[in-house]
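The residues making up each chain are set out below.
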Amino acid sequence: MKKILITGALGQIGSELTMALRKQYGEDHVIATDVRKPENAMTQTGVFEKLDVTNLQEIYEMAKRHQVDTIIHLAALLSATAEKKPLAAWDLNMGGLVNALEVARELNCQFFTPSSIGAFGPSTPKDNTPQDTIQRPTTMYGINKVAGELLCDYYYQKFGVDTRGVRFPGLISYMTPPGGGTTDYAVDIYYQAVEKGKYTSYIAEGTYMDMMYMPDALNAIIKLMEANPDKLIHRNAFNITAMSVAPESIAAAIKKQMPEFKLDYHVDPERQKIADSWPNSIDAQAAREEWGFSPAYDLDKMTKDMLMKLKNRES
Ligand code: AKB
């Protein structure tokens, strides 16, 4: 049975992944860590530790004390925040990653860290973006992600660390809101639909990006980490996606459930610029072939579930 250390456990992926992994492997088998303390009950049922990933010794001691054999490294700044604070992003996104990889090497741990559609740039083919293609991102976040993919490959090839990763699209969830991402509009739109019946999008009409519902993202992590290593050709990192949508596509799906819903636009040039540099849609064939990736939620199914869950929370 795995014993897992998660960094960034209070973030959008971490909060839900901690619960999913505890369900799968048992409460005592998942050590949730973050640089801040939890405010909600989520982590109070299992072990939670404060951990600063920019401190190599701290991660090492934590991993050794809990005798973990797997590290899931999520602590990072997202794209829009990283553009505002590029040096802080470099320090956390690269410094944290190399520290976590070093600990995985020292303690012989399996290792997962997410890459992103942000690892692509304006010169990447925009539609059905292949697994192996041009990666010349123009954001600090994207640069961190490409360097991170290469670093994870390096630790696998040079030191034999069992590194694995996916390129996540925008992730949509009703539990923990994201912070500082470019794709966050696709989460906000559902919250605002339920609260106000309308949404003003900071991303322009006609801007397509890949998205995925959180349950599919969690399953993907678990499935990839359990996959037979002999079948993995790509490792770091697999394109995965469940849908390619623009703001008006999500609005149309919401309108099927709430005909009175209204969408308008007030475009944020900074986040729009980031979105314009990313693919419209990526090709997930390698993930399907090498470890059986198969998302369960399309736009309509996700929209129904999101609205239902958010409405239930309101009442
Ligand atoms: C972001 O928008 O920064 C993230 C991502 C796609 O990596 N959601």
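Conventions and cut-offs
- Residue positions are given per chain, counted from 1 along the sequence in the order it is written.
- Totals for whole chains, interfaces and linings use every residue, but because this is a predicted model, local features are given only for residues with pLDDT of at least 70 and side-chain atom pairs only at 80 or more, for both listing and counting.
- UniProt positions are given in the numbering used here, feature names are shortened, and annotations may be inferred rather than shown by experiment.
- Each residue gets a C-beta atom placed from its backbone. Should that atom fall within 6 Å of a molecule or strand, the residue is termed near it.
- Under the scheme applied, nonpolar residues are Ala, Val, Leu, Ile, Met, Phe, Trp, Tyr, Cys and Pro; charged residues are Asp, Glu, Lys and Arg; polar residues are all the others, including Gly.
- Strands were regarded as paired on the criterion that DSSP finds at least two bridges between them.
- The helix and strand labels rest on DSSP assignments: H or I over at least four residues marks a helix, E over at least two residues marks a strand, and numbering proceeds from the N terminus.
- Axes here mean lines fitted to C-alpha atoms, for a helix over just the part in contact, with angles spanning 0 to 180 degrees between N-to-C directions.
- Should an angle fall under 35 degrees it is taken as roughly parallel, and over 145 as roughly antiparallel, whereas 65 to 115 is taken as roughly perpendicular and any remaining angle as oblique.
- Handedness of a crossing is defined here by the sense of rotation of the near helix relative to the far one, left-handed for an anticlockwise turn of less than a right angle and right-handed for a clockwise turn.
- Two residues qualify as a contact pair if the distance between their C-beta atoms, derived from the backbone, is within 7 Å.
- Put simply, a residue is buried when 20 or more other C-beta atoms lie within 10 Å of its own C-beta and exposed when 12 or fewer do; between those, it is partly exposed, and each C-beta is set from the backbone.

For the protein, the name recorded in an unreviewed UniProt entry is L-threonine 3-dehydrogenase, with Pullulanibacillus pueri as its organism. In its Sequence similarities (unreviewed entry) section, the UniProt record describing the protein reads: "Belongs to the NAD(P)-dependent epimerase/dehydratase family."

A. Spatial organisation of the site of the ligand. Lining the immediate surroundings of the ligand are Leu78, Ser79, Ser116, Ile117, Gly118, Tyr141, Phe168, Pro169, Gly170, Gly181, Thr182 and Thr183. For the shell around the ligand, the residue count by class is five nonpolar, seven polar and no charged.

B. Region of interest: the sheet that holds strand S12 (residues 238–239). Judged by pairing direction, the sheet is parallel, and its three strands sit side by side in the order S6-S8-S12 without closing on themselves. With partners counted over all chains shown, the strands left at the sheet margins are strand S6 (115–116) and S12, one partner each.

C. Geometry of the sheet that holds strand S7 (residues 163–164). Pairing within the open sheet is parallel, and its six strands lie in the order S3-S2-S1-S4-S5-S7. The two strands at the open ends of the sheet, each matched to only one other strand, are strand S3 (48–50) and S7.

D. Up close: the packing of helix H8 (residues 247–257) against helix H11 (residues 299–314). It is at 9 Å that the axes of H8 and H11 come closest, and there the two elements cross at 60 degrees. The angle between H8 and H11 places the two elements in the oblique class. Where H8 crosses over H11, the handedness of that crossing is right-handed. Every residue of H11 that contacts H8 at Ser249, Ala253, Ile254, Lys256 and Gln257 is listed here: Leu299, Asp300, Thr303, Lys304 and Leu307. Taken together, the residues that form the contact of H8 with H11 break down as four nonpolar, three polar and three charged.

E. Representation of unusual backbone geometry in the model. Put simply, Asn236 and Ala237 share a cis peptide bond, and its omega is 5 degrees. On the secondary structure map, Ala237 appears in the loop between helix H7 (214–226) and S12. Phi angles above zero are rare outside glycine, and Gln67 is one such case at about 50 degrees. If you trace the backbone, Gln67 turns up in the loop between helix H2 (56–65) and strand S4 (70–73). Classification of Gln67 as exposed rests on a count of 10 C-beta atoms within 10 Å. Residue Asn108 is not a glycine yet carries a positive backbone phi of 55 degrees. Its location among the elements puts Asn108 in the loop between helix H4 (86–107) and strand S5 (110–112). Under the C-beta neighbour-count criterion, Asn108 is labelled exposed, with 11 such atoms within 10 Å.

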